[in-house]
Amino acid sequence: MTVTFIGAGPGAADLITVRGQRVLTRAQVCLYAGSLVPAELLDSCPPGAELVDTADLTLDEIVARMVEADRAGLDVARLCSGDPSIYSAVAEQMRRLDEAGVAYDVVPGVPAFAAAAATLRRELTVPTVGQTVVLTRAQSRSTAMPAGEDLAVLGATRATLVLHLAVGRTRALAERLVPHYGADCPVAVVARASRPDELVLRGTLADIADQVEQAGVRRTAVIIVGEVLAAEGFPDSYLYSAGRDRSAKRPVG
């Protein structure tokens, strides 16, 4: 039997992948974070499936449920919000499953930053404006950031910056980024991206904290900082340029 980590997407139930939904239809046990994963996704599980809300469980308790189900010969779905590749705590779950000798697969999902960009109707990589996107978070009451990954270092790149788990510290973060990006640098905050109660705030490093505080946004939001948010008049991508040589034949197979 197999444990499958599934990216449940940013919030809208129909943003799960086809593969992820197919796995759910045959999962006899489904573990999910009730506060983050849309309840509608659980309707895809087969009748009689055991549904386990992990909101109040510790990491060891979650893994124990997966191992127990696997030992009983049951397929297990572990729904993760967004995409399992970032800020999902999947690494430590995989480590424990490896130690227990339990096989697992991973199905990617739509990450929150991609849903936020879609809401903003913006590409995060714009020709001559920004070609690098830095995904990071802010440290508060959480795991310490590794050396060299603080905002002073990341901000110096002036790359498009996407901050997760950081909206509660928007004012302090904006103040730290102003020396690198300038007070007039465009900023967007997207809370609950893709959900019915989605909220979008647009501003600059100078005023975004006021907007966040006035709106009462405290969690489930991403902050995007960079000139790509207001890019206009940029050249077309070389990919579709009339000057690109298309004479070379593509390899077959």
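To start, this report covers the structure provided alongside it. Note that this is a predicted model, so its numbers are computed, not measured.

Things to note about the pairing of strand β4 (residues 76-80)
Then, number 1: Within β4, 5 of the 5 residues are buried, which leaves the element mostly enclosed by the surrounding structure.
Then, number 2: On β4, burial covers both faces: Val76, Arg78 and Cys80 on one face and Ala77 and Leu79 on the other are all buried.
Then, number 3: Inspection of the sheet shows strand β1 (residues 3-7) paired to β4 by 5 bridges, in the parallel sense. Within β4, the residue paired with threonine 4 across the bridge is alanine 77.
Then, number 4: Alignment of strand β2 (residues 29-32) against β4, held across 3 bridges, turns out to be parallel. Paired with leucine 31 across the strands is arginine 78, a residue of β4.

A word on the packing of aromatic side chains
Then, number 1: Enumeration according to the criterion identifies 1 aromatic pair in this entry.
Then, number 2: Ring plane angle 80° and centroid distance 6.0 Å describe the contact between phenylalanine 5 and tyrosine 104, whose orientation is recorded as edge-to-face. Of this pair, phenylalanine 5 sits in strand β1 while tyrosine 104 sits in strand β5 (residues 104-107), placing them 99 residues apart in sequence.
Then, number 3: Look at phenylalanine 5 and you get buried, because its relative accessible area is 0%.

A short note on the sheet that holds strand β7 (residues 160-164)
Then, number 1: Taken in spatial order, the 5 strands of this open sheet run β6-β7-β10-β8-β9, and their pairing is mixed. Of all the strands in the sheet, just β6 (133-137) and β9 (199-204) have a single pairing partner and so form its edges. When the angles between neighbouring strand axes are averaged without regard to direction, this sheet yields 15°.
Then, number 2: Relative to β7, β6 runs parallel, the two being bridged by 5 bridges. Note that in β7 the partner of valine 134 across the bridge is leucine 161.

Observations regarding the environment of arginine 121
Then, number 1: Tracing the backbone through its elements, the reader meets arginine 121 in the loop between α4 (112-120) and β6.
Then, number 2: In this structure the C-alpha to C-alpha distance between arginine 121 and serine 241, which are 120 residues apart in sequence, comes to 22 Å.

A look at the packing of helix α2 (residues 59-71) against helix α3 (residues 90-100)
Each pair of packed helices can be described by the angle between their axes along with the distance between the axes.
Then, number 1: α3 packs onto α2 with a crossing angle of 45° between their chain directions and a minimal axis gap of 10 Å. The angle between α2 and α3 falls in the class oblique. The hand of the α2/α3 crossing is right-handed. On α3, the residues that touch Leu59, Asp60, Ile62, Val63, Met66, Val67 and Arg71 of α2 are Glu92, Gln93, Arg96, Leu97 and Ala100.
Then, number 2: Residues that form the contact of α2 with α3 fall into these classes: 7 nonpolar, 1 polar and 4 charged.

Some points on the pairing of β2
Then, number 1: The alternating pattern of β2 places Val29 and Leu31 on one face and Cys30 and Tyr32 on the opposite face, and all of these are buried.
Then, number 2: Across 4 bridges, β2 lies against strand β3 (residues 50-53) in parallel orientation. What sits directly across from leucine 31, in β3, is valine 52.

Notes on unusual backbone geometry
Then, number 1: Its identity as a non-glycine residue notwithstanding, arginine 121 has a phi of 55°, on the positive side.
Then, number 2: The class for arginine 121 is exposed, based on a relative accessible area of 77%.
Then, number 3: In this model, arginine 158 sits at a positive phi of 60°, which is unusual for a non-glycine residue.
Then, number 4: By the secondary structure assignment, arginine 158 is in the loop between α5 (151-155) and β7.

Some points on the pattern of salt bridges
Then, number 1: Within the structure shown, the criterion is met by 7 salt bridges.
Then, number 2: Across the pair glutamate 50 and arginine 65 runs a salt bridge, and its minimum N-O distance is 2.5 Å. Placement of glutamate 50 in strand β3 and of arginine 65 in helix α2 is noted, with a sequence separation of 15 residues between them.
Then, number 3: For glutamate 50, a relative accessible area of 37% puts it in the partly exposed group.
Then, number 4: Of the charged contacts in the structure, one is a salt bridge between aspartate 197 and arginine 192, with a shortest N-O distance of 3.0 Å.
Then, number 5: Taking relative accessible area as the criterion, arginine 192 reaches 23% and is therefore assigned partly exposed.
Then, number 6: Through salt bridges with shared partners, one network takes in Arg171, Asp210 and Glu213.

Comments concerning the nonpolar core
Then, number 1: Formed by 25 residues in total, the largest nonpolar core has its most connected members in Leu161, Leu163, Leu177, Val189, Leu205 and Val225.
Then, number 2: Of all elements in the fold, only α5, β7, α6 (170-181), β8 (186-191), α7 (208-215) and β10 (221-225) reach the threshold of two or more residues within this core.
Then, number 3: Among the elements that make up this core, the one with the highest residue count is α6 (4 residues).
Then, number 4: Contact partners of leucine 177, with chain neighbours within four places excluded, come to Leu151, Gly155, Leu161, Leu163, Gly182, Leu205 and Val225.

Procedures and definitions
- Residues numbered from 1 in each chain as written.
- Predicted model: local features only at pLDDT ≥ 70, side-chain atom pairs only at ≥ 80, totals over all residues.
- Heavy atoms only, no water.
- Buried < 20%, exposed > 50% of the residue type's maximum accessible area, 1.4 Å probe, protein only.
- Helix = DSSP H or I, 4+ residues; strand = E, 2+ residues; numbered from the N terminus.
- Pairing = 2+ DSSP bridges.
- Phe/Tyr/Trp six-rings, centres within 6.5 Å; stacked < 30°, edge-to-face > 60°.
- Axes fitted to C-alpha atoms, helices over the stretch in contact; angles between N-to-C directions.
- Parallel < 35°, antiparallel > 145°, perpendicular 65-115°, else oblique.
- Left-handed = near helix turned anticlockwise from the far one by under 90°.
- Contact = heavy atoms within 4.5 Å.
- Nonpolar A, V, L, I, M, F, W, Y, C, P; charged D, E, K, R; others polar.
- Salt bridge = Lys/Arg side-chain N within 4 Å of Asp/Glu carboxyl O.
- Core = buried A, V, L, I, M, F, W, Y, C linked by side-chain atoms within 4.5 Å.

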